[in-house]
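# Examining the three-dimensional arrangement
Residue strings, one per chain:
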Amino acid sequence: MTSPSVVFDRVDKTFSNGTVALKDVSLTVQKGEFVSLLGPSGCGKSTALRLAAGLGEVSGGAIRWPRAEAGRVGQSGIGFVFQEPTLMPWASVFSNVWLPLRLAGTSKRVARHEVMDALSLVGLDGFAGAYPRELSGGMKMRVSIARALVTRPELLLMDEPFGALDEITRFKLNDELLQLWQSLGWTVIFVTHSVFESVYLSNRILVMSARPGRITADIPIDAPYPRDESFRSSVDYGGYCRQVSAALHRAMEVRAA
Amino acid sequence: MTALDSRRAARMRAVQEDQSAHQRPHSERVLRIAVPLAILVALLALWEWYVVAYEVPHYLLPGPRLVAQAIVADWAVLGPALMVTLKITFSALALALVGGVLLAVILVQSRWAELAVYPYAVVLQVTPIVAVAPLILVYAPTTQSAILICAFIVAFFPVLSNTTQGLKSVDHNLLNLFELNGASRWQTLFLLKVPSALPYFLTGLRISGGLALIAAVVAEFAAGSAGAQSGLAFRILEAQFRLNMPRLFAGLVLISAAGVAIFATTSLISHLLLRRWHESAVAREN
Ligand SMILES: Nc1ncnc2c1ncn2[C@@H]1O[C@H](COP(=O)(O)OP(=O)(O)O)[C@@H](O)[C@H]1O
Ligand SMILES: [Mg+2]
């Protein structure tokens, strides 16, 4: 069944300094899809993701969230995970995860259960009282994910969430993310500049090119889930990676030309 | 399970951190007190020896023993003077904290207010207080209030500028997160901007604490006030006038001690508030 979660309709975005970050971007993400936005640095991935979250105004075209009242997190069920963990260093892990609920007016007592659930989903039960500085990079990222999923979002937007992590932690979090995605039935838009990560995770990869940012390829990855280490070493995986790599190279040539 | 392992490892790390937090800073703290203390004792001994060995007259340079005696003997004069100075210092600091923080919040909330007010705060800051003091003395109802106003003006700016800077130095992504979650202006202020600004504010507090004392003393020199209401600065001037060197030194020692106490207190407050999370207060460990 097709039921769009977010729709970009010929979206342009020009910043006040004249930078054309997005030009004529149209895309439809269906409910339950895991879509990766793949492209070189500076091609407008973050800009597109922020717009999908309802942050900032489009300069042309329109964005629709057919399943939500408005493009707002919390009320409408959008979760956002930044490239950095973006935790409040002065607040405990519990308070950091509580934040979205707290801003919506939920008391600590009422939120306790949901916060603990979210922490346990990312494997951090027992750390509610810790402070961010006491955690490793991977654990901080887990807290950040727990904070995004505590509101039970339908649409999860992730901006290179594992970009700063080592490969081992990254693979592990990739697996955990896929498990959560399958069990919770999210729609995910995942920004990355790693071909391998995008192929491993996604149903579909949108390749972007820069200056101006636009979508140059839409590649379905039809390998079945659950995916695990054996997928990583499969022939299919290798084939998809080559295909996506080639598309990415073409995208970067377009830019050079 | 790997998740369990990492959890256990993290707990162990936390425990180790706890233990070393008790051990290492202990010897560190002893050193921090012992070294300056040893130097102080050595200097005092040298001073006393010099004064005795060369039979330096008291009206030129009293020995440390004489100064100590003066503190005790002249306490009836110096004690109340110290209280006056401290009262002005702390009143000025309290006013500066309240005023500085309130104004900083207003400036950050409204771009117009910032454009209108900030330049004048800077003018007030860069004009030497000794130059402004005579004017304030003319217009203020009492000398004491004039001194208070001077100390306030000096202590006010570091709180204002540091807090303003802090309120503005909020992580942009956290701001985005708050916006995404529909945070109100007040929620953003109290849950995000204020805690982000705390380390900056505390820097302002430490600077202002010291400056408030300095300004209280300087303004009193400028005022040259006399009588029962006068503070340590006047007592020092008076002692100099009468060539009562032991009392002059005694007054100086008391001002110094007050300054050190204020610095220690503000540093302690800062440490207590930040030790759980801020890099500046966390012992570095590798
Ligand atoms: N707030 C902004 N103001 C002006 N230009 C911006 C702003 N944010 C991003 N840009 C520009 O827009 C382009 C796309 O940026 P971004 O979306 O962050 O790219 P990506 O996430 O793909 O690396 C870049 O050229 C960047 O310099
Ligand atoms: Mg980016």
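Residues numbered from 1 in each chain as written. Chains lettered and ligands numbered in written order. Predicted model: local features only at pLDDT ≥ 70, side-chain atom pairs only at ≥ 80, totals over all residues. Heavy atoms only, no water.

## Digging into the site of ligand 1
Residues and elements named next belong to chain A. Condition: Put simply, a residue is near a molecule or strand once any heavy atom of it comes within 4 Å of that molecule or strand. Think of a polar contact as two N or O atoms within 3.5 Å of one another; within protein, one of them needs to be a possible hydrogen donor and the other a possible acceptor, and neighboring residues in sequence only count if both atoms come from side chains. Only the protein chains shown count as cover for residues, with accessible areas throughout obtained via the Shrake-Rupley method and a probe of 1.4 Å. Strands here are runs of E lasting at least two residues and helices are runs of H or I lasting at least four, both read from the DSSP assignment and numbered beginning at the N terminus. When residue character is reported, Ala, Val, Leu, Ile, Met, Phe, Trp, Tyr, Cys and Pro are called nonpolar, Asp, Glu, Lys and Arg charged, and the others, Gly included, polar.
Neighbouring ligand 1 are 13 residues, the closest being Gly-42, Gly-44, Lys-45, Ser-46 and Thr-47. Gly-44 places a main-chain nitrogen or oxygen 3.1 Å from an oxygen atom of ligand 1. Ser-46 places a side-chain nitrogen or oxygen 2.6 Å from an oxygen atom of ligand 1. Coverage of ligand 1 by the protein chains reaches 65% of its 560 Å² of free accessible surface. Take the shell around ligand 1: its biggest share by element is four residues, from helix α1 (residues 45-52). Across the shell around ligand 1, the residue classes tally to four nonpolar, seven polar and two charged.

## Let's talk about the sheet that holds strand β2 (residues 20-30) of chain A
Residues and elements named next belong to chain A. Formally: Two strands pair under a simple rule: DSSP has to find at least two bridges between them. The axes used here are C-alpha line fits, helices contributing only the stretch in contact, and every angle between their N-to-C directions lies in the interval 0 to 180 degrees. A contact between two residues is defined here by any heavy atoms of the two lying within 4.5 Å.
As summarised here, the arrangement of the three strands in space is β2-β1-β4, forming an open sheet in which the pairing is antiparallel. Both edges of this open sheet fall to β2 and β4 (60-64), since each of them pairs with a single strand only. Strand-to-strand twist in this sheet, taken as the mean axis angle between neighbours without regard to direction, amounts to 15°. Both strand β1 (residues 4-14) and β4 contribute to a ladder of four bridges, which runs antiparallel. Looking across to β4, one finds that Phe-8 is bridged to Ile-63. Against the sheet, α1 makes contact with β1, β2 and β4, and its axis sits at roughly 125° relative to β1, the strand it touches most.

## Some remarks on the nonpolar core
For clarity, the threshold we go by: Here, the term nonpolar core denotes a set of buried Ala, Val, Leu, Ile, Met, Phe, Trp, Tyr and Cys residues that are joined through side-chain atoms within 4.5 Å. When a residue's accessible area, from a 1.4 Å probe over protein chains only, is under 20% of the maximum for its type it is buried; when over 50% it is exposed; and in between it is partly exposed.
Formed by 65 residues in total, the largest nonpolar core has its most connected members in Val-6, Phe-8, Leu-157 and Ile-189 of chain A together with Leu-160 and Phe-178 of chain B. For this core, the element with the highest residue contribution is helix α8 (residues 185-223) of chain B, accounting for eight residues. With near-sequence residues (within four places) excluded, Ile-189 of chain A lies in contact with Val-6, Val-29, Val-35, Leu-37, Leu-49, Leu-155, Leu-156, Leu-157 and Met-158 of chain A. If you look at the next biggest cluster of nonpolar residues, it comprises 57 residues, including Leu-149, Phe-231, Tyr-240 and Val-244 of chain A.

## Quick notes on unusual backbone geometry
One can expect most non-glycine residues to show negative phi and most peptide bonds to be in trans. The peptide bond linking Arg-211 of chain A to Pro-212 of chain A adopts the cis configuration, its omega dihedral lying at -5°. For Pro-212 of chain A, the location among the structural elements is in the loop between β8 (204-209) and β9 (214-220). Of the consecutive residues Tyr-225 of chain A and Pro-226 of chain A, the connecting peptide bond is found in the cis state with omega at -5°. Residue placement: Pro-226 of chain A occurs in the loop between β9 and α7 (229-232). Look at Arg-10 of chain A: it is not a glycine, yet its phi comes out positive at around 50°. Residue Arg-10 of chain A is classed as exposed on the basis of its relative accessible area, which comes to 52%. Of note in the backbone geometry, Glu-55 of chain B takes a positive phi value of approximately 50° without being a glycine. Here Glu-55 of chain B shows up in the loop between α1 (2-53) and α2 (64-73). Judged by relative accessible area, which is 67%, Glu-55 of chain B ranks as exposed.

Note that all results are geometric; they support no functional claim without further evidence.
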